[in-house]
Amino acid sequence: LMRTVDIICSEFGIYYSGVFLLSEDKQWVKLHAGYGDAGKEMLRAGFRLPVDRSSMVGVAILDKKGQLTANVEVHAAHFKNPYLKDTRSEIALPLIAKSQVLGALTVQSDQLNAFAEEDVTALQTMADQVAIAINNARLLQELEEANNELVRTKTFEAIATATGEAIHWVGNKAAPIPGSVARL
């Protein structure tokens, strides 16, 4: 994710880019990658936004549709981020994989009217690819967890089987002993 925001900022000449991911309860989005010093500060602070209509990121997630403003000063849903005081225009794009919203990508410029329609299209394509990568990483993690649980279960089964067989073997070998003791 950090590499993604770095590429966006360097290739598009952008002031700031960040990736937010939804919390499990879907009430918040937490910043997981942010560009530059401001991004590092926000990550250290555990920066998050509510999923509501008080920010463009929240609106993009709720509506499952990209948000663009050429001038943040006149946009009702722009969140005035104290870490990003120079923002003049912004794009917020939902990260969607298999019809499920995973979070949002925010791209901000320190210039008014910084984004053209082709920028939105290119960035949405990138956001779609990021969402697929995030979803694939989550699926891989779930697969690894399921595999670990399966290995753990099979190990316990093998131990239980071996223990049962050992007890049975010992019982069979020890069965003649009481008879021998009685005859002695």
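Residues numbered from 1 in each chain as written. Predicted model: local features only at pLDDT ≥ 70, side-chain atom pairs only at ≥ 80, totals over all residues. Heavy atoms only, no water.

Enquirer: Would you mind showing me how to read the nonpolar core here?
Expert: For soluble globular proteins, nonpolar side chains are generally found buried alongside one another. Formed by 21 residues in total, the largest nonpolar core has its most connected members in Val19, Ile91, Leu95, Leu105 and Val107. Of the residues forming this core, the biggest block, 6 residues, is contributed by helix H4 (residues 117-174). When neighbours within four sequence positions are excluded, valine 107 is seen to be in contact with Ile8, Ile14, Tyr16, Ser17, Ser89, Glu90, Ile91, Phe115 and Leu123. Grouped together as the second largest cluster of nonpolar side chains are 20 residues, Tyr16, Leu22, Ala38 and Ala60 included. (Core = buried A, V, L, I, M, F, W, Y, C linked by side-chain atoms within 4.5 Å. Buried < 20%, exposed > 50% of the residue type's maximum accessible area, 1.4 Å probe, protein only. Helix = DSSP H or I, 4+ residues; strand = E, 2+ residues; numbered from the N terminus. Contact = heavy atoms within 4.5 Å.)

Enquirer: Looking at this model, I keep getting lost on the sheet that holds strand E3 (residues 48-50). Mind explaining?
Expert: Pairing between sheet strands relies on hydrogen bonds along the backbone, with the strands arranged either parallel or antiparallel. In spatial order, the strands read E3-E2-E1-E6-E5-E4; together these 6 strands make up an open sheet with antiparallel pairing. Only two strands of the sheet have a single partner each, and these edge strands are E3 and strand E4 (67-69). Averaged over neighbouring strand pairs, the angle between their axes works out to 25 degrees when direction is ignored. Of the strand pairs in this sheet, strand E1 (residues 16-22) and strand E2 (residues 28-34) are connected by 5 bridges, and their pairing is antiparallel. Directly across from phenylalanine 20, in E2, lies its bridge partner leucine 31. On top of the sheet, helix H2 (residues 36-45) reaches E1 and E2; it is set at about 135 degrees to E2, its chief contact. (Pairing = 2+ DSSP bridges. Axes fitted to C-alpha atoms, helices over the stretch in contact; angles between N-to-C directions.)

Enquirer: I keep staring at the environment of glutamate 41 and nothing clicks. Help me out?
Expert: The topology assignment puts glutamate 41 in helix H2. For glutamate 41, a relative accessible area of 40% corresponds to the partly exposed category.

Enquirer: Would you take a moment to explain unusual backbone geometry for this structure?
Expert: Only a minority of non-glycine residues have a phi that is not negative, and only a minority of peptide bonds are not trans. The residue serine 99 is not glycine, and still its phi comes out positive at about 65 degrees. The topology assignment puts serine 99 in the loop between strand E5 (89-97) and strand E6 (100-109). Assessed through its relative accessible area of 61%, serine 99 is described here as exposed. Of note in the backbone geometry, asparagine 113 takes a positive phi value of approximately 50 degrees without being a glycine. Mapped onto the elements of the fold, asparagine 113 is located in the loop between E6 and H4.

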